[in-house]
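Inside the fold
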Protein chains: 2
Amino acid sequence: MKASRFFIGTLKEAPADAEIVSHKLMVRAGMIRRVAGGIYNYLPIGLRSIRKVESIVREEMNRAGAIELLMPAVQPAELWQESGRWEKYGPELLRFKDRKQNDFVMGPTHEEVVTDIARNQIKSYRQLPVNFYQVQTKFRDEIRPRFGVMRGREFIMKDAYSFDKNMDGLRESYRKMYDAYVRIFTRLGLEFRAVAADNGSIGGSGSHEFHVIAETGEDAIAYCPTSDFAANVEAADALPLIAQRAAPTGPMTKTSTPGKAKCESVAEFLDIPLQRTIKSIVLATENEGAEPTLWLLMLRGDHEMNEIKVNKIPGLGEFRFATEAEIVEWFGTPPGYLGPIGTKKPVKVIADTTVANMSDFVVGSNEVDFHTTGVNWGRDLPEPVVADIRNVQKGDPSPDGKGVLDICRGIEVGHVFQLGKKYSEAMNATFLDENGKPQNMEMGCYGIGITRILGAAIEQNFDDRGIIWPESIAPFEIVLCPMGYDRSDAVREHADRLYAELVAAGVDVILDDRGERPGVMFADWELIGVPHRLVIGDRGLKEGKVEYQGRRDTEATLLPAESAAATVTEKIRAALAG
Amino acid sequence: MKASRFFIGTLKEAPADAEIVSHKLMVRAGMIRRVAGGIYNYLPIGLRSIRKVESIVREEMNRAGAIELLMPAVQPAELWQESGRWEKYGPELLRFKDRKQNDFVMGPTHEEVVTDIARNQIKSYRQLPVNFYQVQTKFRDEIRPRFGVMRGREFIMKDAYSFDKNMDGLRESYRKMYDAYVRIFTRLGLEFRAVAADNGSIGGSGSHEFHVIAETGEDAIAYCPTSDFAANVEAADALPLIAQRAAPTGPMTKTSTPGKAKCESVAEFLDIPLQRTIKSIVLATENEGAEPTLWLLMLRGDHEMNEIKVNKIPGLGEFRFATEAEIVEWFGTPPGYLGPIGTKKPVKVIADTTVANMSDFVVGSNEVDFHTTGVNWGRDLPEPVVADIRNVQKGDPSPDGKGVLDICRGIEVGHVFQLGKKYSEAMNATFLDENGKPQNMEMGCYGIGITRILGAAIEQNFDDRGIIWPESIAPFEIVLCPMGYDRSDAVREHADRLYAELVAAGVDVILDDRGERPGVMFADWELIGVPHRLVIGDRGLKEGKVEYQGRRDTEATLLPAESAAATVTEKIRAALAG
């Protein structure tokens with residue numbers, strides 16, 4: 001491509017509504033332009049990167065045996081009513097009426113449509129498994145669209161849906177997609193992790209998120225640097241940090257802790273480690289026609305409660321936090337000095353797995369300004385019900401036993417999910433099995449946020465001059481910057497020759513023949529993030545040299561003009577090969 | 001591609017709502033499936049053909065210097081209010097509110113969005129010309145969606161928009177697009193015509209439609225087989241069919257024509273050619289505060305009035321047909337026996353260009369059951385105002401003077417249009433010219449109905465067995481049908497070898513390894529319309545032969561198995577090269 005035949009729309013300033021670096025840089029680099037909240041034009045430079053992502057995704061989906069089709073953006077309400085999501089889906093589902101007053105939605109996802117295809121097209125087990133995918137424009141009416149392509153309303157997704165005759169088949173389809181996703185994000189040149197995700201309430205039975213690692217990521221991920229374990233912090237199992245409970249070393253003692261209502265201040269006041277204190281959290285569950293049950297959750301002073309885990313404890317499926325009035329009624333004291341010993345009314349005590357192995361610990365005395373030290377299970381209070389109710393922390397043992405956890409932040413760009421029969425049952429998608437008996441299909445769904453990947457890649461790869469693209473996503477792999485294309489015959493001839501050589505080698509090259517000053521050229525292409533640059537100037541050419549600089553390099557190096565094209569082609573191929 | 005890893009969804013029966021052959025065949029071939037009225041899934045086979053059309057369109061758009069970007073499907077109402085189309089566009093424009101009650105539309109076209117891009121991005125004449133295009137999913141809320149992809153609601157279009165600094169530039173951009181469209185439809189392997197279109201009321205100054213020729217086409221096209229002239233019948237200039245008026249040969253005579261109110265019956269009754277009779281059409285135009293003006297339009301008996309042409313005659317811009325009461329008041333007789341001579345009140349007479357050169361013609365006598373024969377201009381009534389007010393007919397001279405017109409039917413698949421400043425003025429899209437003065441940009445727009453092309457190609461190319469694709473659009477270029485892939489080692493080995501050879505040659509081949517009976521295989525691939533077929537069977541292989549059959553061939557021919565791949569590769573390349 002020659003710049004004079006292309007459109008470059010770089011800006012000096014980022015728009016006021018851009019909060020994060022990828023949003024700012026995508027606008028400044030001329031990749032996107034806002035049309036309305038969360039709705040963007042993809043300008044030519046942005047579209048080139050989108051197409052490169054799409055192309056890698058398609059290649060790997062095809063390699064994994066998935067079959068591409070294309071479903072519509074506009075979907076009839078009937079299908080959503082059948083699945084039950086017409087009622088359940090929140091206002092992110094854009095609903096509207098056509099001119100005949102029939103109800104439609106703008107598809108935020110396509111489970112209903114693809115299940116409708118499957119139930120109409122698939123009759124026999126011989127047609128299974130099958131995995132349909134599409135690259136399609138979706139709409140989700142976000143309440144607060146922001147962060148550019150990271151949380152837009154209209155966006156491009158690859159979504160795939162597998163159909164299997166049984167769970168073994170689903171697991172196999174799921175594994176193929178998982179492997180394809182690993183290949184996709186590897187080829188995209190991104191640092192990423194496949195993260196075991198909590199299924200939430202969607203009711204599936206297996207799910208992984210693929211996160212691009214970036215400090216600015218919305219999600220906290222626990223991972224083990226010495227193994228492949230990775231999970232959302234909320235989903236990672238927290239192992240007990242104390243292998244075996246030690247014997248008591250002293251008597252239980254009520255101690256004055258005036259005004260010390262927090263574990264941190266109690267520890268400081270008593271001059272003991274925070275890890276000796278206990279955090280008391282009081283929950284309540286309703287009992288129809290009777291007073292509620294109160295639960296005392298005991299966590300080590302430095303730990304955080306994990307609501308998802310608590311939610312799964314029998315009896316706590318619909319917990320709420322207790323009110324202060326309830327706490328006073330049950331414990332005889334307001335929050336700050338609560339403990340499991342000597343409550344006014346019975347409470348159900350649940351100890352975190354680490355707390356269950358603690359000894360000589362400190363709890364509130366159920367009396368303002370007093371704590372009790374040297375408390376021990378069995379001796380001073382009954383053995384507790386034990387459960388994993390906390391978030392993992394940096395330094396915790398990895399649940400796979402292969403090291404110690406670290407915490408990083410990530411941006412979710414892909415999701416593989418075992419749906420099971422949720423949709424096939426709701427919409428009656430069946431096939432005849434080997435015995436001629438109708439069975440509901442087992443489904444999986446697999447999404448990749450194509451446009452979101454651009455934002456995530458930038459959040460991971462930028463500096464104060466602009467974007468730093470991996471070769472696989474870069475709008476151009478290399479830019480040729482001739483110094484005086486319009487003035488110097490030697491420069492123009494060499495630039496044209498290098499351009500021709502690179503095109504012939506299959507390199508995605510742009511020749512900046514706009515006649516801009518060097519400073520403007522360099523600033524534009526560094527902002528746009530082209531990973532390789534060759535500068536062709538009279539001074540260098542006198543010695544038969546051109547200047548090469550990688551986007552992350554701090555200095556240029558001289559290359560013989562004759563072999564420069566071959567050299568950079570080799571660099572680019574090596575980078576693309578990973 | 002191997003059929004066992006692909007999805008084939010052929011049907012024996014077409015759906016009840018399919019009225020035309022392309023709709024029936026696309027459903028039966030498993031290319032599309034209805035989701036709602038005018039909204040379709042593109043199944044894998046259909047999507048393959050769509051992608052091939054898109055790919056050729058992209059190549060030729062890029063070659064013509066257009067730059068691809070991607071605009072959103074959902075567009076804010078503000079832009080449409082600025083252009084004025086929020087009010088003017090009919091209910092085909094799907095309007096809806098988002099969750100915050102802001103107004104949006106589903107884009108049926110993108111003039112507003114692209115003009116917004118241009119006014120923000122283009123500051124100087126140095127940035128012009130530029131031509132932005134996209135391949136994008138559009139929505140038009142048709143009152144009566146039908147004919148499958150031919151008149152759908154959600155469909156894929158390529159739309160391009162050029163911006164120029166002046167009319168010379170626009171004409172040059174337009175010419176480039178015209179040429180690109182000729183290349184596109186030529187490469188697609190379709191019989192087509194570029195047709196001069198009437199601009200209607202959109203206010204542009206130049207426009208061509210590209211029609212795929214098919215008997216089932218909605219539009220009548222006048223074309224000259226011995227030149228490149230082609231125009232919509234409504235838009236083609238009708239030349240006078242009589243070069244010079246002949247002298248009168250007899251007196252004007254009032255003749256009894258009892259009950260003969262139509263030209264045909266008058267000609268039959270008087271035993272004269274229909275071409276001697278005159279058809280009288282009475283129009284009216286309003287005069288504020290006064291009685292209307294009545295106009296008598298005179299056409300030869302075998303000609304049809306063209307309302308678009310009449311509309312352009314000074315004074316007739318807002319004509320209506322006269323009422324019977326008005327006709328009786330002005331002519332003294334009800335319709336059927338009207339003429340220009342002896343009206344009760346003055347009427348304005350306009351003669352068609354052919355009528356103006358007629359002599360000895362027949363008109364009504366303004367008296368029931370009477371016509372007047374032997375009427376001549378100048379002698380019996382004043383010389384008329386002359387205008388082209390009729391549709392051309394088969395056999396008329398071509399307006400370019402290079403032959404005789406024929407009439408065919410076409411399906412519009414592309415449109416190039418000079419918009420001028422309509423949008424750039426409404427939305428204030430300006431650039432600074434060479435003198436630093438702001439000027440409105442001259443715009444052109446250029447559309448191709450990607451999905452519609454599939455339907456049009458089928459309307460042009462089918463038989464009773466199914467679709468007959470041009471190689472360029474075929475979902476696969478060739479199918480390999482092995483007889484007993486699962487039973488015969490020789491068949492399987494030869495089929496696999498042919499498959500590998502064709503893949504290596506870059507041919508888009510499908511190997512039917514489903515193990516279906518020959519009849520099922522052949523019927524499927526003939527219905528789907530794959531243009532080339534090789535049958536590999538034990539009997540032929542014994543003689544070192546495989547059976548080749550082109551989709552239009554009535555019989556198979558034997559090819560040496562060793563060279564069959566090379567032979568069909570050559571055939572396919574030749575076809576693709578046009």
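What counts and what doesn't
Residues numbered from 1 in each chain as written. Chains lettered and ligands numbered in written order. Predicted model: local features only at pLDDT ≥ 70, side-chain atom pairs only at ≥ 80, totals over all residues. Heavy atoms only, no water. UniProt positions renumbered as here; feature names shortened; annotations may be inferred. Helix = DSSP H or I, 4+ residues; strand = E, 2+ residues; numbered from the N terminus. Contact = heavy atoms within 4.5 Å. Areas by Shrake-Rupley, 256 points an atom, 1.4 Å probe, with all protein chains shown as cover. Lys, Arg positive; Asp, Glu negative; His and termini not counted. Charge placed at Lys NZ, Arg CZ, Asp CG, Glu CD. Buried area = accessible area lost by both parts, 1.4 Å probe. Salt bridge = Lys/Arg side-chain N within 4 Å of Asp/Glu carboxyl O. Polar contact = N/O pair within 3.5 Å; in protein donor to acceptor, adjacent residues only side chain to side chain. Nonpolar A, V, L, I, M, F, W, Y, C, P; charged D, E, K, R; others polar. Buried < 20%, exposed > 50% of the residue type's maximum accessible area, 1.4 Å probe, protein only. Pairing = 2+ DSSP bridges. Expected span 1.5 Å × (residues − 1). Least-squares fit on C-alpha atoms with pLDDT ≥ 70 in both. Axes fitted to C-alpha atoms, helices over the stretch in contact; angles between N-to-C directions. Parallel < 35°, antiparallel > 145°, perpendicular 65-115°, else oblique. Left-handed = near helix turned anticlockwise from the far one by under 90°. Domains from an automatic or database assignment. Phe/Tyr/Trp six-rings, centres within 6.5 Å; stacked < 30°, edge-to-face > 60°. Lys NZ or Arg CZ within 6 Å of the ring centre and 35° of its normal. pLDDT = per-residue confidence, 0-100.

By the naming in an unreviewed UniProt entry, chain A is Proline--tRNA ligase, taken from Paraburkholderia gardini. For the record of chain A, the UniProt heading Subcellular location (unreviewed entry) holds the text "Cytoplasm".

Time to look at the overall build of chain A. Scanning chain A from terminus to terminus reveals 16 helices and 31 strands. Its C-alpha atoms put chain A at 95 × 65 × 45 Å along the principal axes. Across chain A, every contact between residues at least 6 apart in sequence was considered, and the portion connecting residues at least 24 apart equals 69%. For chain A, the accessible area works out to roughly 23800 Å², and carbon and sulfur atoms hold 50% of it. Side chains of chain A carry 71 positive and 84 negative charges; the gap between the two charge centres is 3 Å.

Facing 53 residues of chain B, the contacting portion of chain A comprises 53 residues. Here chain B meets chain A over a buried area of about 4400 Å², counting both sides, of which 61% is carbon and sulfur. On inspection of chain B and its partner chain A, the count reaches 6 salt bridges. A salt bridge links glutamate 68 of chain B to arginine 51 of chain A; the nearest nitrogen and oxygen atoms lie 3.1 Å apart. Inspection of the chain B/chain A interface yields 18 residue pairs in polar contact (both at pLDDT 80 or more). When residues of the side of chain B that touches chain A are assigned to their parent elements, the largest contribution, 6 residues, is made by helix H2 (residues 44-63) of chain B. Each residue belonging to the side of chain B that touches chain A can be placed in one class, and the counts come to 32 nonpolar, 6 polar and 15 charged.

Residue and element names in this part refer to chain B. In terms of burial, strand E19 (residues 370-375) is largely enclosed, as 5 of its 6 residues are buried. Relative to E19, strand E13 (residues 253-256) runs antiparallel, the two sharing 4 bridges. Each residue of the ladder has a partner; that of threonine 253, found in E19, is threonine 373. Pairing between strand E18 (residues 361-364) and E19: 3 bridges, direction antiparallel. Directly across from phenylalanine 361, in E19, lies its bridge partner valine 375. Between the antiparallel neighbours E18 and E19 lie 5 residues, among them asparagine 366 with a positive phi of about 60°.

Residues and elements named next belong to chain A. The terminal C-alpha atoms of helix H2 (residues 44-63), which comprises 20 residues, lie 29 Å apart, in line with the 28 Å expected from a rise of 1.5 Å per residue. Burial analysis of H2 places 14 of its 20 residues in the buried class, the great majority of the element. Just beyond H2, the residue with positive phi is glycine 65, at close to 90°.

Right, let's get into the relation of the copies chain B and chain A. Note on the identical chains: chain B maps onto chain A by a rotation of 180° and an axial translation of 0.1 Å, with an RMSD of 0.2 Å. Taken together, the rotation angle and the small translation identify this as a two-fold axis. Within chain B, phenylalanine 96 of chain B has its C-alpha nearest the rotation axis, a separation of 3.1 Å.

Next up on the list: the packing of H2 of chain B against helix H6 (residues 167-187) of chain B. Residues and elements named next belong to chain B. Interhelical geometry of H2 versus H6 gives an angle of 150° and a closest axis separation of 9 Å. Comparing the axis directions of H2 and H6 gives the class roughly antiparallel. Helix-helix and strand crossings are classified by hand; for H2 and H6 the assignment is right-handed. The residues of H6 that touch H2, namely those facing Ile56, Val57, Glu59, Glu60, Met61 and Arg63, are Met177, Ala180, Tyr181, Arg183, Ile184 and Arg187. A breakdown of the residues in the contact of H2 with H6 according to their chemical character gives 7 nonpolar, no polar and 5 charged.

The next subject is the pattern of salt bridges. In this structure the tally under the stated criterion is 98 salt bridges over all chains. Residue arginine 514 of chain B pairs with aspartate 512 of chain B through a salt bridge whose shortest N-O separation is 2.9 Å. Relative accessible area serves as the criterion here: at 27%, arginine 514 of chain B is assigned to the partly exposed category. Owing to a relative accessible area of 1%, aspartate 512 of chain B belongs among the buried residues under this scheme. Through salt bridges with shared partners, a single ionic network connects Arg51, Glu54, Arg58 and Glu68 of chain A together with Arg51, Glu54, Arg58 and Glu68 of chain B.

Structurally, chain A comprises domain 1 (3-237 + 407-459), domain 2 (253-387) and domain 3 (476-577). Distance from the C-alpha centre of domain 2 of chain A to the C-alpha centre of domain 3 of chain A: 66 Å.

Turning to the packing of H2 of chain A against helix H12 (residues 450-460) of chain A, a few remarks are in order. Residues and elements named next belong to chain A. Orientation of H2 relative to H12, taken along the N-to-C sense of each, is 110°, at an axis distance of 9 Å. One way to sum up the angle between H2 and H12 is to call them roughly perpendicular. As H2 runs across H12, the sense of the crossing is right-handed. Packed against H2, whose contacting residues are Gly46, Ser49, Ile50, Val53, Glu54 and Val57, the element H12 presents Ile450, Thr451, Ile453 and Leu454 at the interface. Grouping the amino acids of the contact of H2 with H12 by side-chain chemistry returns 6 nonpolar, 3 polar and 1 charged.

Once that is clear, we can look at the packing of aromatic side chains. All told, the structure shown has 29 aromatic pairs over all chains when counted by the stated rule. Geometrically, the ring pair formed by phenylalanine 96 of chain A and phenylalanine 104 of chain A is stacked, given 6.3 Å between the ring centres and 20° between the ring planes. This pair shows no difference in class: phenylalanine 96 of chain A is buried, exactly as phenylalanine 104 of chain A is. Seen from the ring of tryptophan 330 of chain B, lysine 345 of chain B lies directly overhead, with NZ or CZ sitting 4.1 Å from the centre. Between lysine 422 of chain B and the ring centre of tyrosine 423 of chain B, over which it is positioned, the NZ or CZ distance is 5.2 Å.

Residues and elements named next belong to chain B. Spatially, the 5 strands line up as an open sheet ordered E28-E27-E29-E30-E31, and their pairing is mixed. The sheet is open, and its two borders are formed by strand E28 (509-511) and strand E31 (557-560), each paired with just one other strand. Adjacent strand axes in the sheet meet at a mean angle of 25°, parallel and antiparallel pairs treated alike. Against the sheet, helix H12 (residues 489-504) contacts strand E27 (478-482), E28, strand E29 (532-536) and strand E30 (545-550), and its axis sits at roughly 165° relative to E27. Taken strand by strand, helix H13 (residues 518-528) contacts E27, E28 and E29, and its axis lies near 175° from that of E27.

All right, on to the pairing of strand E7 (residues 130-139) of chain A then. Residue and element names in this part refer to chain A. Here E7 lies mainly inside the structure; 9 of its 10 residues are buried. Strand direction decides the pairing type here: strand E3 (residues 67-68) and E7, joined by 2 bridges, are parallel. For isoleucine 67, the partnering residue across the bridge sits in E7 and is phenylalanine 132. With 10 bridges joining them, E7 and strand E8 (residues 154-164) adopt antiparallel strand pairing. Paired with threonine 137 across the bridge in E8 is isoleucine 156.

This brings us to the confidence of the model for chain A. Residue and element names in this part refer to chain A. Per-residue confidence for chain A averages 95 on the pLDDT scale, and 99% of its residues sit at or above 70. Confidence over residues 199-205 falls short of pLDDT 50; this stretch has 12 contacts with residues more than four positions distant or in other chains. Interface confidence in the predicted complex, given as ipTM, is 0.89; pTM for the same model is 0.89.

This part is about the environment of methionine 298 of chain A. Residue and element names in this part refer to chain A. As for its placement among the helices and strands, methionine 298 is situated in strand E15 (residues 290-300). In the structure, methionine 298 is positioned 21 residues away from threonine 277 in sequence and 9.9 Å away in space, judged by C-alpha atoms. In this view, methionine 298 contacts Ile278, Lys279, Pro340, Val349, Ile350, Ala351, Asp352, Val355, Phe361, Val363, Trp377 and Ile389; residues no more than four positions away in its chain are not counted.

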